[in-house]
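One letter stands for each residue in the lines below.
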Amino acid sequence: MIHQLADVQSTQIGEGTTIWQYAVILKGAQLGSNCNINCHTFIEGEVSLGNRVTVKSGVYLWNGVTVEDDVFIGPNATFVNDRYPRSKHRPAEFEKTILGKGCSIGANATLLPGINIGKYAMVGAGSVVTKSVMDYQLVVGNPARFIGWVNERGERLIEDGNILVDSEGTMYQLVSGKLIKTK
């Protein structure tokens, strides 16, 4: 469903994707299936969205942003693709930002260019992300800092010695800085 007040110039829109009023999607942008693109959004032509992505109102996705499957981008999250912007000056290539599968970006968060947000990671509302975030990490603040781990549902894990546990009793362990489900 594409709202009659949306400006969709791309033909690469997946089945079941909904695009609401006042969204602008430029030619060349790739949107997967079953996405929800809220009103007052802008997606440039060199942006790629996976399947089941939610882009809330007030989000502008600039060239260089790649969004994998099942990502949530909260209202007014801000993406930057040029570290040294100047009027009338366009870099030869924009820095890449990759949002990993299942991650969530909180409302009003700002992401600087050239970073990766790991799969199922969570960026808290209002955070300013200046460096990459690992899989399953929870980061908050300005600048964003690591405060804990989350599972695939976004639930914060509880530390129990060297083991992390979720509310269902699923156990995780940190191995070489990576979170591994153990049981």
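Our subject in this report is the structure included herewith.

About the criteria used
Throughout, residues of each chain are indexed from 1 in the direction in which the sequence is written. Where local features are concerned, this predicted model is filtered to residues with pLDDT of at least 70; where side-chain atom pairs are given and counted, the filter is 80 or more; whole-chain, interface and lining totals use all residues. Side-chain numbers come from the whole structure's heavy atoms, not from hydrogens or water. Comment: elements are numbered from the N terminus, with helices defined as DSSP H or I runs of at least four residues and strands as E runs of at least two. Accessible area is worked out with a 1.4 Å probe on protein chains only. A residue is then buried under 20% of its type maximum, exposed over 50%, and partly exposed in between. Residues adjacent in sequence count toward polar contacts only when both atoms are side-chain atoms; beyond that, a polar contact is any pair of N or O atoms within 3.5 Å, and within protein one must be able to donate a hydrogen and the other to accept it. We call two residues in contact whenever any of their non-hydrogen atoms come within 4.5 Å of each other. At least two bridges found by DSSP between two strands is the condition for calling them paired. Note on aromatic pairs: the rings of Phe, Tyr and Trp (six-membered ring only in Trp) are paired at centre separations within 6.5 Å, and the planes decide the class, stacked below 30 degrees, edge-to-face beyond 60, tilted for the rest. Take the buried Ala, Val, Leu, Ile, Met, Phe, Trp, Tyr and Cys residues and link them wherever side-chain atoms come within 4.5 Å; each set so joined is a nonpolar core. In what follows, salt bridge is the name for a side-chain nitrogen of Lys or Arg lying within 4 Å of a carboxyl oxygen of Asp or Glu.

## Describing the side chain of Asn 81
Phase 1 of the analysis: Looking at where Asn 81 falls in the secondary structure, it is placed in the loop between strand 13 (78-79) and strand 14 (97-99).
Phase 2 of the analysis: Classification of Asn 81 as buried rests on a relative accessible area of 12%.
Phase 3 of the analysis: There is a polar contact of 3.0 Å between the side chain of Asn 81 and the backbone oxygen of Asn 63.
Phase 4 of the analysis: When neighbours within four sequence positions are excluded, Asn 81 is seen to be in contact with Glu 44, Trp 62, Asn 63, Phe 94, Glu 95 and Pro 113.

## With respect to the sheet that holds strand 14
Phase 1 of the analysis: Read from one edge of the open sheet, six strands run 2-5-8-11-14-17, paired in parallel fashion. The outermost strands of the open sheet, each flanked by one partner alone, are strand 2 (12-13) and strand 17 (116-117).
Phase 2 of the analysis: In this structure, strand 2 lies alongside strand 5 (residues 30-31), joined through two bridges in parallel fashion. Along strand 5, the bridge assignment pairs Ile 13 with Leu 31.

## Examining the environment of Cys 103
Phase 1 of the analysis: Within the secondary structure, Cys 103 sits in the loop between strand 14 and strand 15 (104-105).
Phase 2 of the analysis: Accessibility expressed as a relative area gives 0% for Cys 103, which makes it buried.
Phase 3 of the analysis: Look past the residues within four positions of Cys 103 in its chain and what remains in contact with it is Asp 70, Val 71, Phe 72, Ile 117, Gly 118, Tyr 120 and Ala 121.

## Thoughts on the packing of aromatic side chains
Aromatic ring pairs are reported here in terms of the distance separating the ring centres and the angle at which the planes meet.
Phase 1 of the analysis: This structure, assessed with the given rule, holds five aromatic pairs.
Phase 2 of the analysis: Centroid distance Tyr 60 to Trp 62: 5.9 Å. Interplanar angle 65 degrees. Geometry classified as edge-to-face.
Phase 3 of the analysis: Here Tyr 60 falls in the partly exposed class, since its relative accessible area comes to 43%.
Phase 4 of the analysis: The partly exposed category is assigned to Trp 62, whose relative accessible area is 27%.

## Topic: the nonpolar core
Phase 1 of the analysis: Grouped together as the largest cluster of nonpolar side chains are 34 residues, with contacts concentrated most on Leu 49, Leu 61, Ile 73, Leu 99 and Ile 117.
Phase 2 of the analysis: Not counting residues within four places of it along the chain, the set of residues in contact with Leu 49 comprises Gln 30, Leu 31, Gly 32, Ile 37, Ile 43, Val 55, Leu 61 and Val 67.
Phase 3 of the analysis: Ranked by size, the runner-up nonpolar core spans seven residues in total, among them Tyr 136, Leu 157, Leu 164 and Tyr 172.

## A short note on unusual backbone geometry
In most cases, non-glycine residues show a negative phi, while peptide bonds are predominantly trans.
Phase 1 of the analysis: Residue Pro 143 follows Asn 142 across a cis peptide bond; omega there is -5 degrees.
Phase 2 of the analysis: Positioned with a positive phi, Lys 88 is a non-glycine residue whose angle comes to about 65 degrees.
Phase 3 of the analysis: Looking at the secondary structure, you find Lys 88 in the loop between strand 13 and strand 14.
Phase 4 of the analysis: By relative accessible area, Lys 88 is classed as exposed at 85%.

## Observations concerning the pattern of salt bridges
Phase 1 of the analysis: What the rule picks out here adds up to eight salt bridges.
Phase 2 of the analysis: We note a salt bridge from Lys 101 to Asp 70, for which the minimum N-O separation is 2.8 Å. One end of the pair, Lys 101, is in the loop between strand 14 and strand 15; the other, Asp 70, is in the loop between strand 11 (65-67) and strand 12 (72-73), and 31 residues separate them in sequence.
Phase 3 of the analysis: For Lys 101, a relative accessible area of 29% gives the class partly exposed.
Phase 4 of the analysis: Ionic contacts of the salt-bridge type, sharing partners, join the residues Arg 52, Asp 69, Asp 70 and Lys 101 into one network.

## Quick notes on the pairing of strand 25 (residues 178-181)
Phase 1 of the analysis: Inspection of the sheet shows strand 24 (residues 171-175) paired to strand 25 by four bridges, in the antiparallel sense. Each residue of the ladder has a partner; that of Tyr 172, found in strand 25, is Lys 181.

None of the figures reported here should be taken as evidence of function without further support.
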